[in-house]
Every structure is written in C-alpha cells, then in structure tokens.
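Overview (structure and organization)
What follows is each chain in one-letter form.
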Amino acid sequence: MTTRLTDIRATWHLAWPIAIGQLATTGTAFIDAVMAGRVSAGDLAAVSVGSSIWVTMMVTLMGFLLAISPLVAQKIGANDLKPIPNLTQQALLQALLLALIGLILIRFLLPIFNHLGLEAVVAHKAGEFLKAVSWGLPAFACYRVLYCYSAALNQTKPMMVISIFCLLLNIPCNWVLIYGHWGFPAMGGVGCGWATAFCVWVNFLLLAAWIRYAPVYKKTHPFRAWQSIDWHAQKQLLKLGLPIGMMFFVEVSAFSLIGLLIARLGTVTVAAHQITLNFSSLTFMVPMALGTALTVRVGHAIGAGDYKAARFIGQTGIRMGLCIALLTGTAMIFASRFIAGFYTNDTVVLMLASQLLVLAGFFQFSDATQVVVAGVLRGYKSTRGPMLIHLTAFWVIGIPLGYFLTFGTSTLPGYGVQGYWIALIAALTCAALALMALFRRISLKQLGV
C-alpha cells in the first residue's frame, strides 16, 4: 500500500503542474468561446469552425514533436546527458520546418469555409480567424519542443507559471480586439485569433528565456554550440514522432471533421457542439497531463533498465486516470446546464449543449483511459500500435457510425448531433480496451513473461 501511494505521489508531483499549465492553455479557447459568444452565436460558430482546422494542425504538430520526450527521458534514466542538447536542437529545427509546412497548408485550406453550407458572414469570419491565429504556429511548435524537454528533466512548474500568465494576458487582449477598445476596431471572433497568436509568442519567448538562464538546465540546455542538421537524430525523431503525430491527427481530425459535417445542421447545433467540445477539452487536460508525466516516469525507468518499475508505474497511472474520469464525468452529467450557462445566454443553444454535456460525461471514462495508456506506451517508445488502434477506432468505427446515427438513412431517422457523441463513446471505448491489451503485452514481454 505504501509503495502504491508513494508511486501515486511521484506521478502526481510531476503531473499537477502540467495539468494546470495545460488547463491554462486550453482555458484560452474557453475564454475565446465565452467572449466571442457574448458578441453573437455567429461569432461563436465562426470561432468554432475556424478552430476545427487550427486545433487539428496544432495537435498534429504537437504529436510529431512529442518524440523528444521519451528520448530525453530515457537518456536521463541512463544518466547519459551529453546527447540531450543536440537532440533538442534537432527537434527545434524539425519544429520550424513543420510549422512552415503548416502555415502553407492552412492558406490552401481557407477556401473550404465557403463550401460547408455556412452562412456567408460566418464563413468569412471563420477564415479570418484562422488566418490570424495561424501566425502563432511557429512559436507553438518551438514551445512544445522546449515543453517536452523541460518535462523530461522533471521541470514542469515553469510551464505552469508561464501558461497561467499567458491565460490572464489573453483576457485583456481579447477585450481590446473583440469588442474594440484603445483605438482598435471591434473584430468580434476574429479578434480571438489575433489575441491567441500574440499570447502563443509570449508563451514561447518566456519559456525559452527561463531555460536559457535557470541553473537547473545548465548542463543540457540547447541554446549553445548550435550544430548543423544531424540526419541520424532527425531520423530518430521522425521514426518515433511520425506515428505519434499520425495518432494525434487521427483523433483530432475526427473531432474536426465532425465539426465540419454538422455545420449543415445550423448555427445553434454548431454552437452547442462547440460548447461541449470546449469543456470536454478542458477536462481532458488532466488525464493528458497524467499521460505526459507517465511518459517521463516510464521512460526514466526503461532508461535505467528497471522494467518491473515501468510496468508498476503504468498500472498505477491507469488507475489514477480512471479516478479522475469518475470525478469529471460525474460533474458533467449532474451539472450540465450549469456548465453550459457559462458559455451562452441563448436558451436554445443552452438546452442542446446541456444534453450533449451529459453524453460527454460518459465519454470521459474511455477518453481518460486511452490518453493515459497511450502516454505509458510512449515511455516504452511504442507508437505504431497506438497509431493503428486510433486509426481503426476513429475512422473505421467512430466517423461512419456517427454519420449514420446523426443523419440516419432513407428509412431510419437520425438523432442529430447527439449521434456523433454516442459514436465517439463507442470508438474511444474500443481504443481504450485495445491500448490496455497492448500495454499488458509489451510490459510483460519486457519482463520476459
């Protein structure tokens, strides 16, 4: 019992600053939704639809760049610090290249908003929002590399402090740009995009300065003796990061596609769906932080050759994830109307969002489990299996089933947007069970069982 509690404390000590930092980062989207929603349902819908592409790009990029975390963690576990600065430098170079590709791709995707059946004014605002917020992509990419590097060194509190500062900074920036103050024009939802891009750059620059000057990073920080492209390190990063990036893309693109597909159901449905997705994203940050912490702790144990400890850490972490899901899921089910009231005063949107939040409460259990187990598996540097599991769960089960349940057929009626949330519960339950089986097989294999 003492060993289990000690392990819980060790994981939580690493995870809670990550959770608060990620909640603060996601809180920016919460603030955007609330402040844009106060302008009009159309502005909220524009931010929602524009965010569907922005979040897809951002989360996919984050997945690609997560490779640095287990690589650095295992080097630390093996007490081999010398390669860490070069690995981090190579990850930063990769981040800049991927961000440039992302910026170009976003420009090509802008016309899509005119073909989704949106009202003309909503389509225009969604495109302008996406153009504005995309300028933060290079800063976000470099920030994620430094984030993973710092977390692998067990330094998570700096990101928490900086993220909270930037969350608070986002409020006056939104106030100025959304509503038009201090000589700026009232941009509505588009102002959210410019405010977010500015805060992302501040976030990156503050973390880079912290790493440059804080003594704890002195032996490993990447801002000295810059090296040219190391193709061996690039291959290492890509081999591990590509499946993670694809896994993240599969999941987030499924959510984004749903947002685009339901656009034809009307502004009220889009707004209600965005409210539910936004709050679910907030609660998701806690198990996601737990998964990040477990990647580091399992990576340390693997690097030290202690496979028994790695399995134990993973098992304990999964139980922690289920406990978190129980708390958040119960809150969403029984306080759905109260939560929806934070986002909107529109009675029709409020009613539909309340119904979706109940479904999202049940969704918490499978969602929390799958993200925690995926984090554990990254510590083992297992990425291809989770990618295939997510691909099957979302694109073979979730999207087709959701389309059927939402829109129905010529003979069977659809359930509206509720159908997609029911399908997501089914898809993520399958993913969680398959990932659990994969963790059991890999961890026992490492033990020679």
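Our structure is the block above this text.
Nothing here was measured: the structure is a model prediction, and the numbers come from that model.

Now for the overall build of the protein chain. Looking only at helices and strands, the protein chain features 15 helices and 0 strands. Taken against the 2.2 N^0.38 rule, which gives 22 Å for 449 residues, the C-alpha radius of gyration of the protein chain at 21 Å falls within 12% of a compact globule. Here the protein chain, with 449 residues, has 59% of them falling under the buried criterion. A fraction of 83% describes how many contacts in the protein chain between residues 6 or more apart in sequence connect residues 24 or more apart. Counting only carbon and sulfur atoms, one obtains 71% of the accessible surface of the protein chain, whose full area is about 18500 Å². Positive and negative side-chain charges of the protein chain, numbering 28 and 11 respectively, have mean locations separated by a distance of 13 Å.

What follows is about the nonpolar core. By size, the foremost hydrophobic cluster in this structure holds 146 residues, and its most contacted members are Phe113, Leu130, Leu137, Phe248, Tyr343, Tyr380 and Trp421. Those residues within four positions of tryptophan 421 in sequence are excluded, and the remaining contacts are His273, Thr276, Leu277, Ser280, Leu356, Leu359, Ala360 and Phe363. Counting residues in each nonpolar core, the second largest holds 5 residues, with Cys173, Leu177, Ala195 and Cys199 among its members.

Pairing of side chains with opposite charge becomes possible as their charged atoms draw close. If you walk through the whole model with that rule in mind, you get 2 salt bridges. We note a salt bridge from lysine 131 to glutamate 128, for which the minimum N-O separation is 3.1 Å. You can see lysine 131 and its partner glutamate 128 sitting in helix α5 (residues 120–134), 3 residues apart, about one turn around the helix. Lysine 131 gets classed as partly exposed once you look at its relative accessible area, which sits at 31%. On the accessibility criterion, glutamate 128 (27% relative accessible area) is partly exposed.

Moving on, we get to the side chain of serine 280. On the secondary structure map, serine 280 appears in helix α10 (residues 267–303). For serine 280, a relative accessible area of 6% corresponds to the buried category. Reaching out from serine 280, the side chain makes a polar contact with the backbone oxygen of threonine 276 at a distance of 2.8 Å.

Further remarks concern a nonpolar patch on the surface. A cluster of nonpolar side chains, Val39, Trp175, Tyr179, Trp182 and Phe184, forms an exposed patch at the surface whose accessible area comes to about 550 Å². Inspection of the secondary structure puts valine 39 in the loop between α1 (2–37) and α2 (41–65).

Moving on: α10. A rise of 1.5 Å per residue sets the reference length of α10, with its 37 residues, at 54 Å; its end C-alpha atoms lie 51 Å apart and thus fit the reference within 8%. Across the 37 residues of α10, 33 count as buried, placing the element largely inside the fold. Count one or two residues on from α10 and you reach glycine 305, which has phi positive near 80°.

In this section: the packing of aromatic side chains. A complete count under the given rule lists 8 aromatic pairs for this structure. Measuring from ring centre to ring centre gives 5.9 Å for tyrosine 149 and tyrosine 217, while their planes differ by 35°; the resulting arrangement is tilted. In this pair, tyrosine 149 is assigned in helix α6 (residues 137–152) and tyrosine 217 in the loop between α8 (189–213) and α9 (231–261), connecting sequence segments 68 residues apart. Each member of the pair, tyrosine 149 together with tyrosine 217, is buried. Between the NZ or CZ atom of arginine 107 and the centre of the ring of tryptophan 135, over which it lies, the distance is 4.8 Å. The side chain of arginine 144 reaches across the aromatic face of tyrosine 147, ending 4.0 Å from its centre.

Our next topic: a positive patch on the surface. A contiguous patch of positive charge on the surface is contributed by Lys235, Lys239, Lys381 and Arg384. Considering the arrangement of structural elements, one finds lysine 239 in helix α9. Accessibility expressed as a relative area gives 58% for lysine 239, which makes it exposed.

Here we take up the packing of α9 against α10. Close contact between α9 and α10 brings their axes to 11 Å; oriented N to C, the two are set at 160°. On the basis of their axis angle, the class for α9 and α10 is roughly antiparallel. In the crossing of α9 with α10, the sense of the turn from one axis to the other is right-handed. Facing Phe248, Glu251, Phe255, Ile258 and Gly259 of α9, the residues of α10 in contact are His273, Leu277, Phe284 and Met288. When the residues that make up the contact of α9 with α10 are grouped by side-chain class, the tally is 6 nonpolar, 2 polar and 1 charged.

In contact at an axis separation of 9 Å, helix α4 (residues 84–109) and α9 are set at 70° when each is read in the N-to-C sense. The pairing of α4 with α9 is recorded here as roughly perpendicular in orientation. The chirality of how α4 crosses α9 is right-handed. Contacts between α4 and α9 involve Asn86, Leu87, Gln90, Ala91, Leu93 and Gln94 on the former and, on the latter, Ala233, Gln234, Gln236, Leu237 and Leu238.

What counts, and where the lines are drawn
- Residues numbered from 1 in each chain as written.
- Predicted model: local features only at pLDDT ≥ 70, side-chain atom pairs only at ≥ 80, totals over all residues.
- Heavy atoms only, no water.
- Helix = DSSP H or I, 4+ residues; strand = E, 2+ residues; numbered from the N terminus.
- Rg over C-alpha atoms; globule rule 2.2 N^0.38 Å.
- Buried < 20%, exposed > 50% of the residue type's maximum accessible area, 1.4 Å probe, protein only.
- Contact = heavy atoms within 4.5 Å.
- Areas by Shrake-Rupley, 256 points an atom, 1.4 Å probe, with all protein chains shown as cover.
- Lys, Arg positive; Asp, Glu negative; His and termini not counted.
- Charge placed at Lys NZ, Arg CZ, Asp CG, Glu CD.
- Core = buried A, V, L, I, M, F, W, Y, C linked by side-chain atoms within 4.5 Å.
- Salt bridge = Lys/Arg side-chain N within 4 Å of Asp/Glu carboxyl O.
- Polar contact = N/O pair within 3.5 Å; in protein donor to acceptor, adjacent residues only side chain to side chain.
- Patch = residues over 30% accessible without salt bridge, like charges linked within 9 Å, V, L, I, M, F, W, Y side chains within 5 Å.
- Expected span 1.5 Å × (residues − 1).
- Phe/Tyr/Trp six-rings, centres within 6.5 Å; stacked < 30°, edge-to-face > 60°.
- Lys NZ or Arg CZ within 6 Å of the ring centre and 35° of its normal.
- Axes fitted to C-alpha atoms, helices over the stretch in contact; angles between N-to-C directions.
- Parallel < 35°, antiparallel > 145°, perpendicular 65-115°, else oblique.
- Left-handed = near helix turned anticlockwise from the far one by under 90°.
- Nonpolar A, V, L, I, M, F, W, Y, C, P; charged D, E, K, R; others polar.

This is a description of form; function is not addressed.
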